[in-house]
Structures are given as C-alpha cells and as structure tokens.
Amino acid sequence: SQQGEEDPQALSIQEGENATMNCSYKTSINNLQWYRQNSGRGLVHLILIRSNEREKHSGRLRVTLDTSKKSSSLLITASRAADTASYFCATASLTTSGTYKYIFGTGTRLKVLA
Amino acid sequence: KAGVTQTPRYLIKTRGQQVTLSCSPISGHRSVSWYQQTPGQGLQFLFEYFSETQRNKGNFPGRFSGRQFSNSRSEMNVSTLELGDSALYLCASTPLSSYNEQFFGPGTRLTVL
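Now for a look at the structure at hand. (Residues numbered from 1 in each chain as written. Chains lettered and ligands numbered in written order. Predicted model: local features only at pLDDT ≥ 70, side-chain atom pairs only at ≥ 80, totals over all residues. Heavy atoms only, no water.)

**Some points on the state of the cysteines**
1) Next: Going through the model one piece at a time under the given rule, you end up with two disulfides over all chains.
2) Next: Disulfide pairing is shown between Cys23 of chain A and Cys89 of chain A; the S-S distance is 2.0 Å. Negative torsions about the S-S bond denote left-handed disulfides, and the value of about 65° found for Cys23 of chain A with Cys89 of chain A makes this one right-handed. You can see Cys23 of chain A sitting in strand S3 (residues 19-24) and its partner Cys89 of chain A sitting in strand S9 (residues 85-94), a full 66 residues away along the chain. For the pair formed by Cys23 of chain A and Cys89 of chain A, the shared burial category is buried.
3) Next: Across the disulfide from Cys23 of chain B sits Cys91 of chain B; the S-S distance is 1.7 Å. A torsion of -50° about the S-S bond marks the disulfide between Cys23 of chain B and Cys91 of chain B as left-handed. (Disulfide = S-S within 2.5 Å. Helix = DSSP H or I, 4+ residues; strand = E, 2+ residues; numbered from the N terminus. Buried < 20%, exposed > 50% of the residue type's maximum accessible area, 1.4 Å probe, protein only.)

**Let's talk about the side chain of Asn56 of chain B**
1) Next: With respect to the element layout, Asn56 of chain B can be found in strand S6 (residues 53-57).
2) Next: Filtering out sequence-adjacent residues up to four positions away, Asn56 of chain B remains in contact with Thr95, Ser97, Thr99 and Tyr100 of chain A together with Phe45, Phe47 and Glu48 of chain B. (Contact = heavy atoms within 4.5 Å.)

**Here's the deal with the sheet that holds strand S1 (residues 5-7) of chain A**
All names here are of chain A.
1) Next: Taking strand neighbours across the sheet as the criterion, the five strands line up as S1-S3-S8-S7-S6 in an open arrangement whose pairing is antiparallel. The outermost strands of the open sheet, each flanked by one partner alone, are S1 and strand S6 (55-58). When the angles between neighbouring strand axes are averaged without regard to direction, this sheet yields 15°.
2) Next: Taken together, the six bridges between strand S7 (residues 61-66) and strand S8 (residues 71-76) define a ladder with antiparallel strand orientation. Its bridge partner lying in S8, Val63 is registered against Leu74. (Pairing = 2+ DSSP bridges. Axes fitted to C-alpha atoms, helices over the stretch in contact; angles between N-to-C directions.)

Now the structure itself:
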C-alpha cells in the first residue's frame, strides 16, 4: 500500500504564483525525497531532506519536514509553465536487512498556466 | 555520463504471453530498482538488485521476476501477462556514494491486450 499520500491531487495556478504540495506518511523514515515526472516519462530527483532536518532549499524549491506530524511540504516559488508536471514524495526507510525501502506517494499534478 | 536506459520503450503483448524488459544503469551504479506505475495504484516497488542479488522485494505475485548481471544491467520478466499488467515500468539506479537518490530511466510502456 502507498505510504505517502499527497495533497492536493491536482493543482492549477497562474505563472508567477507559488505552488504548495503536501505529503503525509505513516512510519518512521530515514529521509524524504521529492521527484518530478513529466507526462509519462521517468522521474527526476529534485531534493532530499533527512529526518533530522526541518527545512531545505534548492533554487526555487523549499521543502519542510515535520517528523512529529509525519508530513512534508514542497513549495515552488515564482512558478513557470515549465514546472507543469506531476510531483511525488518518496520516503526512504531502513529495513531490518540494512537496506533502504522506498515508498512513493500518490502524486500531485501541477499545471502552471501562462 | 549516460543516463539510465531502458529497452524497449514501448511494448504491446497479449494476455498469457511473457515479456522481458531491460535496464542499463548509469556507469558505476550497482543498485537497480524496478517500479510499476499505473494511474490507479501509482508507483509500486517491484524489487531491487545489488551486485546480482535481490535485496528487497515488493508485494507482487511470482509472475514478476528479475535478475541482475555482473555488469549491473538488469532485466525483469513478467510471465502469463494479464490485462492489469499494463503499466509504465520504471527502472532506477543508485550510486554507492549517495545511496538515497535514485536516477530513473524513461520507462517501458507495456500494453497488454
């Protein structure tokens, strides 16, 4: 079953506006990552935040992590038409065998209107 | 450095047939993971291989299998195809130096008729 649930499922905004997506998960994690997927293609890694971090920035991206609420948010500032894509959160949890297990969220479809 | 490559990119099969998909990871990457993506179920983890050994496995029936070769290239096989196996199959590789970030290939779009 999916661990990450994302909200909203779809988001439509005007170019220049900010877009915020939220992700909730169920178990303890080592880190949480955000990926972007353009129309049925492969996923592109955007940013990784570790469980002991609360906020991270990369260019126009800002990610927050609240481990007490088991939630994360991705903020894209000053959005562009090229940001139109689906965004997924993925949690990485350490398994008993010492490897990492990744679970992806359901995704948010972002549409940026020019 | 070349990215993750997957072949074929598109595939059409009929129910009952079997299919083999191939993935070549980024040079130097030793871990390869496979995912199934469908509109209804999202991205579901299939399995992960590292140094020719399966390290993790998702909740898929035994019809789904995989293997990894000594050059880290990986294949996944689906036998006795069902309509519900129609999906985008994604392969991801991971470098040793930054284990947590996965690099994805473009995927193989499988349609089962």
